[in-house]
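# Coordinates in review
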Amino acid sequence: MTTICRRVLVTLACTLAFAVSAHAQTTLRIGLAEDPDVLDPTLARTFVGRIVFSALCDKLFDIDEKLAIVPQLAESYQWAADSKALTIKLRPGVTFHDGEKLDADAVKYSLERHKTMPGSNRRGELAPLASVDVVDPMTVRLNLSAPFSPLLAQLADRAGMIVSPKAAQAEGDKFGAHPVCAGPYKFVERVAQDRIVLERFPNYWNKDAVHIDRIVYLPIPDSTVRLANLRSGQLDFIERLAPSDVPQVKSDARFKLTKITEIGYQGITINVGKSDLAQKNPLGRDPRVREAFELALDRDGIVQVAMDGEADVGNQWVAPTNAFYAKNVPIPKRDVARAKALLKEAGVTNPSFTLMTPTTADAQRIAQVVQAMAREAGFDVKIQSTEFATSLDQADKGQFDAYVLAWSGRADPDGNIFSFDACKQPLNYAGYCKPDVDDLLKRSRTTLDVNERKKVYADLAAIALRDRPIVYLYHRHWLWAYTNKLDGLQSIPDGLVRVTGVRFK
Amino acid sequence: MGAYLLRRVAIIVPTLLFASILIFGLQQLLPGDPAMVLAGEERDPAVIAHLRETMHLDRPFPVRYAYWLRGVLHGDFGESLRMQQPVRALIADKLPVTLELAGIAIVIALVIGIPAGVVSAVHRGTGWDYAANAVALWGLSTPNFWLGIMLILLFSVTLGWLPASGYVSPLENLRANLAAMILPAFVLGNAIAAVLMRHTRSAMLQVLSSDYVRTARAKGVRERDVILKHALRNALIPIITLGALEFGTLLSGAVLTEQVFTIPGFGKLIVDAVFNRDYAVVQGVVLFTATAYILLNLVADVLYAVANPRMRLG
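This section reports on the structure supplied with the text. (Residues numbered from 1 in each chain as written. Chains lettered and ligands numbered in written order. Predicted model: local features only at pLDDT ≥ 70, side-chain atom pairs only at ≥ 80, totals over all residues.)

Moving on: the pairing of strand 5 (residues 85-90) of chain A. Residues and elements named next belong to chain A. Where burial is concerned, the two faces of strand 5 differ: the one with L86, I88 and L90 is buried and the one with A85, T87 and K89 is not. Taken together, the five bridges between strand 4 (residues 74-79) and strand 5 define a ladder with antiparallel strand orientation. From the neighbouring strand, Q78 faces strand 5, where its bridge partner is T87. Adjacent in sequence and paired antiparallel, strand 4 and strand 5 are bridged by five residues, among which S83 carries a positive phi angle near 60°. Of the pairings in the sheet, the one linking strand 5 to strand 7 (residues 139-144) comprises five bridges and is antiparallel in character. Following the sheet pairing, L86 is matched in strand 7 by L142. (Buried ≥ 20, exposed ≤ 12 C-beta atoms within 10 Å, placed from the backbone. Helix = DSSP H or I, 4+ residues; strand = E, 2+ residues; numbered from the N terminus. Pairing = 2+ DSSP bridges.)

Further remarks concern the interface of chain B and chain A. Opposite the 41 residues of chain B that make contact, chain A presents 35 residues. Elements with a contribution of two residues or more to the side of chain B that touches chain A: helix 2 (34-38), helix 3 (45-54), helix 5 (87-122), helix 7 (144-158) and helix 11 (266-275) of chain B. Class assignment for the residues of the side of chain B that touches chain A results in 21 nonpolar, 10 polar and 10 charged. (Contact = placed C-beta atoms within 7 Å. Nonpolar A, V, L, I, M, F, W, Y, C, P; charged D, E, K, R; others polar.)

Before going further, it helps to spend a moment on the sheet that holds strand 4 of chain A. Residue and element names in this part refer to chain A. Sheet architecture is open: four strands sit in the order 4-5-7-6, paired in antiparallel fashion. Each edge of the open sheet carries a strand with a single partner, namely strand 4 and strand 6 (129-136). Across the sheet, the mean angle separating the axes of adjacent strands is 20° when strand polarity is ignored. (Axes fitted to C-alpha atoms, helices over the stretch in contact; angles between N-to-C directions.)

Time to look at unusual backbone geometry. Backbone geometry at L67(A) places phi at a positive 70°, although glycine is not the residue there. As for its position among the elements, L67(A) is in the loop between strand 2 (61-63) and strand 3 (69-71). Looking at L67(A), the number of C-beta atoms within 10 Å reads 20, which means it is buried. The backbone of H56(B) sits at a positive phi, close to 60°, despite the residue not being glycine. Tracing the chain through its elements places H56(B) in the loop between helix 3 and helix 4 (61-73).

The next point concerns the environment of L235(A). If you trace the backbone, L235(A) turns up in the loop between helix 6 (223-231) and strand 11 (237-238). Between the C-alpha atom of L235(A) and that of V216(A), which follows or precedes it by 19 residues, the distance is 9.3 Å.

Turning to the nonpolar core, a few remarks are in order. Core analysis: the largest hydrophobic core is formed by 237 residues, its most contacted members being L56(A), I162(A), A296(A) and A481(A). Residue contributions to this core peak at 18 residues, all from helix 8 (residues 174-208) of chain B. Setting aside its immediate chain neighbours within four residues, L56(A) contacts L39(A), P179(A), C181(A), G183(A), Y185(A), F187(A) and L198(A). (Core = buried A, V, L, I, M, F, W, Y, C linked by C-beta atoms within 7 Å.)

What follows covers helix 3 (residues 104-116) of chain A. All names here are of chain A. Between its first and last C-alpha, helix 3 extends 18 Å over 13 residues, near the 18 Å set by a 1.5 Å rise per residue. Those residues of helix 3 that fall on the buried side of the exposure criterion are A104, A106, V107, Y109, S110, L111, R113 and H114. The inward-facing, buried residues of helix 3 contact strand 5, strand 6, strand 7 and helix 5 (165-171). (Expected span 1.5 Å × (residues − 1).)

Take the packing of helix 5 of chain B against helix 11 of chain B next. Residues and elements named next belong to chain B. Axis separation between helix 5 and helix 11 bottoms out at 7 Å; the angle between their running directions is 130°. With respect to their mutual orientation, helix 5 and helix 11 come out oblique. Contacts between helix 5 and helix 11 involve L90, K94, L95 and T98 on the former and, on the latter, F266, G267 and L269. For the contact of helix 5 with helix 11, the class distribution of residues is four nonpolar, two polar and one charged. (Parallel < 35°, antiparallel > 145°, perpendicular 65-115°, else oblique.)

If you want it as structure tokens, here you go:
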């Protein structure tokens, strides 16, 4: 009798345990470095917002670890012979979070919404897109005004996110408050500045790769507090760990650390033609002075001091590991003697300029190291710390000599160079404008062949890196710290946390 | 009393109008183009133009002010361009959080500050006095953000007793709410406790040396009653004013404290709004705070008049 009782009890206990584990919700709590802006792929504009989107809104394409384009909502694609049209075959059986079907009409609607919605941040990215044709219910054709090689990369970011037309029409410009997409997780709630909660979407097309029930994103701007939350067990994952905290995480067996070299860069933009100030300062006026300035810098030293070694040195808009890195212009070694000789040649042995820097700790440290290094070659660098919004305003008005500015980067090299070096582009704070550079930049957009594009970028590097509207310094590491119970994270260089495939061990 | 109240209320209207001009005007003086900041990394000129139009930045200053004031008078503080939410809803969302934080902080400040001040005054020149003064000095000179991070490291990371940051609504889980609030409230209350202690001490010292206290003692009133009933009650008058004025300190302190502890309250709302040049939010929140500040001063004045009838004539 006792044995029977015991067996019954054990069976009951097992059933109960199974029931509990079957219903145990897994929640991944992610600490973000900033509060995302509006969660509408058309209007969104922040890097951190893209992290949330990677769980919420699938795109036509995605990128992999090597920055190659891989299909996501698209199944396959084909360029027209004249490269002026892209035909995309869509993945069958995909539904939006509201149960609507994702088909060619939905893709057409989303792309047109990106193009026409007032305040859209995607319009520029899709500028060459002239029209979208629905070929059949699962095929769309994107007609372009001119060949545009970065198109696939654009469609692998927010411009390629497809929203539910029904929800978007109903919500209008308030869609971001209740976004409805076709990603692995659906929107549950958002408390401004506090949290964004997403829940696993049971009808996701790739549901077998989704292992966690809920994701909670918590914006915690202070990196020390973010880490404290991870260490006290209130977060499972934090992005953008401070480089100075790396040893602390490494020495704690409870946590794992992932380092990914970013697709963006840290650089110093020089006013070479944005305003009259450019001609008044030898740095802006004379390319030899800029060359001397670059030769005075020891990039390894800057990375050690400003980033605690957590960055890869670089001298171009893409990292040396990138397929489009121009090998004909390698990273110059520090050469103070040559720098001094160049300054002598330029007739200014002690040039003086102001280095404007945002008030972030990284930027301040860069400015201080640069100041000290450049002094050895004879430069008198005055640091001007300026609050970010003000510094942008001054940069836009050309009220600066040199400006410490970082760029989060885009998968296609075009996203890191076109708007910065082409004449009169919005991010061309340097005021750099050269017809031959403009021609090369345009050619890089119309050339679809990768090897051809590489040649164009090599030619471009030979000119632009000699003119130095931007002195590129390094490419930061995306530093992620997370509980060692977490498994399956992919290291994609865009720094976005992809939750598909992630599980708790 | 009625006439006094009426007079005080009448002054509020022009004060608020003046404050609104100041808030709007000062905001315009902020360097940096809000449309450019809000346009994000890409800074697409078309987006910037659209934002300018939406924010009426293409209109002259008086017109923009008139638009805003008209909205405010109709209870519409505008909409946050960054968060796409009405400012009124944001205030309604965030205010209870900061009020709770401030409320707990004030309680902590009162519980520490007033008894410490009384003890220090009564035992003037003794070890108690020096100890209380040292604690007060420490409280005044410790920066909020530093103390916050130290407490997080001690109570959350090392001991694991309290959450490191974040906020849980008391309606959701009161226990979790208090656990999340106690550290930031202590950080916030700490500095005010020090101010209250110093003021209570000096007010008590002044009152304790006055004639009526000597008379009370001569009459043989118990020392406890002399201190609590005769001295403290009079000493409390300037403390009440101070308490109301310290509400401002509390709000400005909340800005930093909320930032450190990532509490989605008023302080965090305004800091984020300033850095993102979210004009409507900054204006709405500052105007609301100014109004609250003015009203609290009114309450203090009224309490003052209740405590001291001579004031009603002034």
